[in-house]
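A structural walkthrough
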Amino acid sequence: MPRVSRKQAELNREIIVEAATRLFRERGLHGISVVDVMGAAGLTHGGFYGHFDSKEALAKEACTRAFTQSMERWKQKIDANDNRVSARTSIIAPYLSAANRDNPGESCPVTAFAGDMCHETAESGLHQTYTQGLEALLQMLTPLMGSDQPQANRQQALVDYSLMVGALTLARATRGDELSDEILDAARHFLTSQGESV
């Protein structure tokens, strides 16, 4: 069998990372196998180790990709608004929506990977990637708070994002029951109405 070109190898790697990014968000970092990822990428299992040394190496890259995608989406929303209240709402409202709940493969990596991170050591590369991604998103959210005190804004961003992640997690855990929609609606209403006075 002929060797693939460098260009094709780079394309294959990109396809693998994109498939893994989606699958890891849907089923967790430890909920899928290399075979699952390669199947979703439309490639053979044997080709995996030509691109990655281990599943953990792929998971770390996929985690980085997921956070980059979230940061890009948040940046677009923030840039499309002319004040902090509307920018904050443009992040919160879709985050706490049924569509976001029902499409974890395209959703927030903070929520998607949180359960897995509980089982990682603080020294693991994956844990560090997750923590850095979470911090980057918090830094984007913090200026959208209303205080003239940076520490107060940081505290409010921590509270807001914790509520967002918690509500989305609970809504996914109760999907199919009306409680799921109630959780999303209550959190969204609380945060968006609070944003007007923050």
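Residues numbered from 1 in each chain as written. Predicted model: local features only at pLDDT ≥ 70, side-chain atom pairs only at ≥ 80, totals over all residues. Heavy atoms only, no water.

Going by what an unreviewed UniProt entry lists, the protein is known as HTH tetR-type domain-containing protein and is assigned to Pseudomonas fluorescens.

On to the overall build of the protein. Secondary structure assignment for the protein yields nine helices and zero strands. Going from N to C terminus, the protein has its helices and strands arranged as α-α-α-α-α-α-α-α-α. Along the longest, intermediate and shortest principal axes, the C-alpha atoms of the protein span 65 × 40 × 35 Å. By the burial criterion, 42% of the 198 residues in the protein qualify as buried. Counted over contacts in the protein with a minimum sequence separation of 6, partners at least 24 positions apart contribute 68%. Counting only carbon and sulfur atoms, one obtains 54% of the accessible surface of the protein, whose full area is about 10400 Å². (Helix = DSSP H or I, 4+ residues; strand = E, 2+ residues; numbered from the N terminus. Buried < 20%, exposed > 50% of the residue type's maximum accessible area, 1.4 Å probe, protein only. Contact = heavy atoms within 4.5 Å. Areas by Shrake-Rupley, 256 points an atom, 1.4 Å probe, with all protein chains shown as cover.)

This paragraph deals with the state of the cysteines. Taken as a whole and judged by the stated rule, the model has zero disulfides. C108 forms no disulfide, and the closest cysteine sulfur to it belongs to C63, at a distance of 10 Å. The buried category is assigned to C108, whose relative accessible area is 6%. Free of any disulfide, C118 has its nearest cysteine sulfur in C63, 13 Å distant. (Disulfide = S-S within 2.5 Å.)

What follows covers the packing of helix α6 (residues 109-117) against helix α7 (residues 125-141). Closest axis-to-axis distance for the α6/α7 pair is 11 Å, and the angle between their directions is 145°. Two packed elements cross with a definite hand, and for α6 against α7 that hand is left-handed. On α7, the residues touching P109, V110, F113, A114 and M117 of α6 are L126, H127, Y130, L134 and L137. For the contact of α6 with α7, the class distribution of residues is nine nonpolar, one polar and no charged. (Axes fitted to C-alpha atoms, helices over the stretch in contact; angles between N-to-C directions. Left-handed = near helix turned anticlockwise from the far one by under 90°. Nonpolar A, V, L, I, M, F, W, Y, C, P; charged D, E, K, R; others polar.)

You can see N100 is positioned in helix α5 (residues 98-102). When neighbours within four sequence positions are excluded, N100 is seen to be in contact with P94, Y95, S107, L168 and R172.

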